[in-house]
Amino acid sequence: QVQLVESGGGLVQPGGSLRLSCAASRNISTMYYMGWYRQAPGKQREMVALIWSDGTTPYADSVKGRFTISRDNAKNTVYLQMNSLKPEDTAVYYCNAADRTGVYWGQGTQVTVSS
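Owing to the predicted nature of the structure, the values given are computational and were not obtained by experimental measurement.

Caption draft 1: Layout of the nonpolar core. With 31 residues, the main nonpolar core has Leu4, Met34, Trp36, Leu80, Met82 and Tyr93 as its most contacted residues. For this core, the elements supplying multiple residues, two or more each, are strand 3 (18–24), strand 4 (33–39), strand 5 (46–52), strand 6 (67–72), strand 7 (77–82), strand 8 (91–99) and strand 10 (109–113).

Caption draft 2: Quick look at the packing of aromatic side chains. The full count for this structure, using the stated rule, is three aromatic pairs. Note on Tyr33 and Trp52: the rings are 5.0 Å apart at their centroids and 50° apart in plane angle, and the pair reads as tilted. A residue pair is termed long-range when its members are at least 10 positions apart, and Tyr33 in strand 4 and Trp52 in strand 5 qualify at 19 residues. Residue Tyr33 is classed as buried on the basis of its relative accessible area, which comes to 14%. Look at Trp52 and you get partly exposed, because its relative accessible area is 35%. When the centroid spacing of 5.1 Å and the interplanar angle of 70° are considered together, the rings of Tyr37 and Trp105 count as edge-to-face. Placement of the pair is Tyr37 in strand 4 and Trp105 in strand 9 (residues 102–105), with a sequence separation of 68 residues. In textbook terms, an aromatic cluster arises when at least three aromatic residues are bridged by ring pairs, as seen for Tyr37, Tyr94 and Trp105. Note that Arg45 overlies the ring of Tyr94, its terminal NZ or CZ placed 3.8 Å from the centroid. When the ring centre of Trp105 is taken as reference, the NZ or CZ atom of Arg45 above it lies at 4.7 Å.

Reading guide: rules and limits
Sequence order as written defines residue numbering, which begins from 1 separately in each chain. Side-chain atom pairs in this predicted model are given and counted only at pLDDT of 80 or more, local residue features only at pLDDT of at least 70, and totals for whole chains, interfaces and linings cover all residues. Values reported for side chains reflect all heavy atoms of the structure, with hydrogen atoms and water molecules removed beforehand. Among buried residues, those of type Ala, Val, Leu, Ile, Met, Phe, Trp, Tyr and Cys that are joined through side-chain atoms within 4.5 Å constitute a nonpolar core. Relative accessibility thresholds used throughout: buried, under 20% of the residue-type maximum; exposed, over 50%; partly exposed, between the two (1.4 Å probe, protein chains only). Numbering of helices and strands runs from the N terminus, with a helix taken as a DSSP run of H or I at least four residues long and a strand as a DSSP run of E at least two residues long. Each Phe, Tyr or Trp ring, with Trp reduced to its six-membered ring, pairs with another whose centre is within 6.5 Å; inter-plane angles below 30 degrees give stacked pairs, above 60 give edge-to-face pairs, and intermediate values give tilted ones. When the NZ atom of lysine or the CZ atom of arginine is within 6 Å of a ring's centre and also within 35 degrees of its normal, the charge is said to sit over that ring.

Shown next, in the form of structure tokens:
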């Protein structure tokens, strides 16, 4: 079992930046991948960015060039740096991870992009 705790969400103006953090309760170096999903009201949850154990980082087309995922194994934390935010980025952002014991989700953090 692993617990994932997100932080860093909030209200930001269009064009602004936020950095989300996802702290895991144990060593993340054994994870197959970690990543971020988001769900806007009335929409399905969608993948935003992942970071695989080999360092591969796929992104959703809608965030390429604006968002960057990274991890710090020493802190058991994954980050999502979000720049040039748009109103359509408004959603609850969820941290996700998987290893041989299962698939895990955080509780989510709200990101609202509005003027």
